[in-house]
Structure formats: structure tokens, C-alpha cells
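Residue-level listing of the chains:
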Amino acid sequence: MREAQLLVVDTLAATVDDLCRKFGIWKTAGALIRAAWRRRQTTNRTAHLSNRMRRDIGLPESGDTLLEARFPLWDVRL
């Protein structure tokens, strides 16, 4: 176990520099952005759950906001 802990780990700057030399700056930056975007999308979202599923996990029910219009069409004046 002690020998495994003595492994040398490169610094982050050295690793990024190596990746930029190997794949180029734009591919490395693109991969970083995609990884950050995927990480952002993995958060738990409950907006798409039905009221039955929300009750099952202990969340309050959401109102039916899908049928509400922001402005009625008959109030639009031409």
C-alpha cells in the first residue's frame, strides 16, 4: 500500500499542457466545455414529473400551468 501512494501525479497545468500539445487547444477547450455541460445537466430536475410521481416522493403537487396562456389571443389588437 505504501508503494502505491508514492506514485508521482502531474499538476493540473502540466496535464492540460500535455493535452493541448497532443490534441490542440480548440479540441481540448471543446472537450472541457462539453464535460462541464454534461455535469450541469446531471442535476435532479422535478419539473417534468407528474403529480402522482411528485406525491410518491414527497414533493408538493404542481398546478397545471401548461394550459394557462400568458396573454389571450382575443386581446391582441391589430
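Scroll up a little and you will see the structure.
1. Things to note about helix 2 (residues 12-23)
With 12 residues, helix 2 extends 16 Å from end C-alpha to end C-alpha; this agrees with the ideal 16 Å at 1.5 Å per step. Taken from the residues just after helix 2, Gly24 is the one with a positive phi, measuring 100 degrees.

2. Side note on the side chain of Thr28
Position of Thr28 among the secondary structure elements: in helix 3 (residues 25-41). Exposure remark for Thr28: the relative accessible area of 17% places this residue in the buried category. Among the polar contacts listed, one links the side chain of Thr28 to the backbone oxygen of Leu19, at a separation of 3.4 Å. Every residue in contact with Thr28, bar those within four places of it in the chain, is listed here: Leu19, Cys20 and Phe23.

3. Digging into the pattern of salt bridges
Applying the stated criterion to the full structure yields 4 salt bridges. In this structure, the salt-bridge partner of Asp56 is Arg52, at a minimum N-O distance of 3.2 Å. Of the two residues, Asp56 and Arg52 both sit in helix 4 (residues 51-56), 4 residues apart, roughly one turn of that helix. Looking at Asp56, the relative accessible area reads 56%, which means it is exposed. Close ionic contact of Glu61 with Arg55 constitutes a salt bridge, the shortest N to O distance being 2.6 Å. Given the relative accessible area of 46%, Glu61 is considered partly exposed. A residue is classified by how much of its surface remains accessible, and Arg55, at 46% relative accessible area, is partly exposed. When salt bridges with common partners are traced through the structure, they connect Asp17, Asp18 and Arg21 into a single cluster.

4. Regarding the side chain of Arg54
Of note, Arg54 is situated in helix 4. One buried charge, Arg54, has no salt-bridge partner; the nearest side chain with opposite charge is Glu61, at 7.9 Å. Within polar-contact distance, the side chain of Arg54 engages the backbone oxygen of Pro60 at 2.9 Å.

Cut-offs applied
Residues numbered from 1 in each chain as written. Predicted model: local features only at pLDDT ≥ 70, side-chain atom pairs only at ≥ 80, totals over all residues. Heavy atoms only, no water. Helix = DSSP H or I, 4+ residues; strand = E, 2+ residues; numbered from the N terminus. Expected span 1.5 Å × (residues − 1). Buried < 20%, exposed > 50% of the residue type's maximum accessible area, 1.4 Å probe, protein only. Polar contact = N/O pair within 3.5 Å; in protein donor to acceptor, adjacent residues only side chain to side chain. Contact = heavy atoms within 4.5 Å. Salt bridge = Lys/Arg side-chain N within 4 Å of Asp/Glu carboxyl O. Lys, Arg positive; Asp, Glu negative; His and termini not counted.

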